[in-house]
Amino acid sequence: MWVLWALLRGRGSPLRRATDRREAWVALGALLLLVVGAPAAGWAGGTVADAALQRSVRAQHEERHPVDAFVVGPAGRKRFAGDPEGGVQRAARTWVVASWKAPDGSPRTGEVATASRPGGPGSPVRIWTDAAGRPVPPPMDGRTARTHAVLGGIGTFLLAAACVEAARRLTVRRMARWRYARLDREWAAAGPDWGRAGKGD
């Protein structure tokens, strides 16, 4: 509302400069972009991110399969397995040496990460493998994908708002420089005759 008030205030005043009107129009345009454009960009960014992540979730669930493995012993060293796709609850995982069967029935043994606390040798653990029987991180779940998409939309909104504000500031700064340069030219042109009004009559 203050932008509209600035546009309407003193419309007929001889002291109001054309640059004042242009700066007010720039501010109004920036306000409209912040109110309408930035949220639309955020929504579009979040929608695109959600569609891509949901495709990734479906692909991961098709490519990765849960397998029952059996603990052979503890891993040679303690490690932290962070899964950026798995969500917060899956970030901390325990490593053990386990044995399992590949899809073709061949036995496999190796170090695997499990979210559950494994028991002693012979205790079952649930792991995820790919089509070749290699251990892989668990697939991303839909809720985690949606959370990432929402964060992506918020990031897009903030980026769009920052770009609008930066463009507004840059435009107003250039308009101010142009106004001061014009004032300097007019002042320089009037300088030689300053104080000589009425002389030579």
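Description of the structure in this document. Since the model is a prediction, treat every value here as computed from it, not as a measurement.

Cut-off values and rules
- Residues numbered from 1 in each chain as written.
- Predicted model: local features only at pLDDT ≥ 70, side-chain atom pairs only at ≥ 80, totals over all residues.
- Heavy atoms only, no water.
- Pairing = 2+ DSSP bridges.
- Helix = DSSP H or I, 4+ residues; strand = E, 2+ residues; numbered from the N terminus.
- Axes fitted to C-alpha atoms, helices over the stretch in contact; angles between N-to-C directions.
- Salt bridge = Lys/Arg side-chain N within 4 Å of Asp/Glu carboxyl O.
- Buried < 20%, exposed > 50% of the residue type's maximum accessible area, 1.4 Å probe, protein only.
- Expected span 1.5 Å × (residues − 1).
- Polar contact = N/O pair within 3.5 Å; in protein donor to acceptor, adjacent residues only side chain to side chain.

**Description of the sheet that holds strand β1 (residues 65-74)**
Adjacent strands of a sheet form backbone hydrogen bonds with each other and so pair up, either parallel or antiparallel.
No. 1: Pairing is antiparallel across the open sheet formed by four strands, whose spatial order is β3-β2-β1-β4. In this open sheet, the two strands that pair with only one neighbour each are β3 (107-114) and β4 (124-129). Recorded for the sheet is a direction-independent mean angle of 50 degrees between the axes of neighbouring strands.
No. 2: One ladder, built from six bridges, connects β1 with β4; its direction is antiparallel. Bridge pairing links histidine 65 to threonine 129 in β4.

**Side note on the pattern of salt bridges**
No. 1: A complete count under the given rule lists five salt bridges for this structure.
No. 2: For arginine 134, the salt bridge identified is with aspartate 130, shortest N-O distance 3.1 Å.
No. 3: Using a relative accessible area of 13% as the deciding quantity, one classes aspartate 130 as buried.
No. 4: The shortest N-O distance in the salt bridge between glutamate 165 and arginine 169 comes to 2.8 Å. Placement of both glutamate 165 and arginine 169 in helix α3 (residues 142-190) is noted, with a separation of four residues, approximately one turn of the helix.
No. 5: Each of Glu165, Arg168 and Arg169 takes part in one network of salt bridges that share partners.

**Section: α3**
No. 1: Its 49 residues place the ends of α3 72 Å apart at the C-alpha level, agreeing with the 72 Å of an ideal helix rising 1.5 Å per residue.
No. 2: The complete set of buried residues in α3 reads Thr144, Ala145, Ala149, Gly153, Ala161, Val164, Met175, Ala176 and Arg179.
No. 3: Capping of α3 at its N-terminal end is provided by aspartate 141; its side-chain oxygen lies 3.1 Å from the backbone amide nitrogen of arginine 143.

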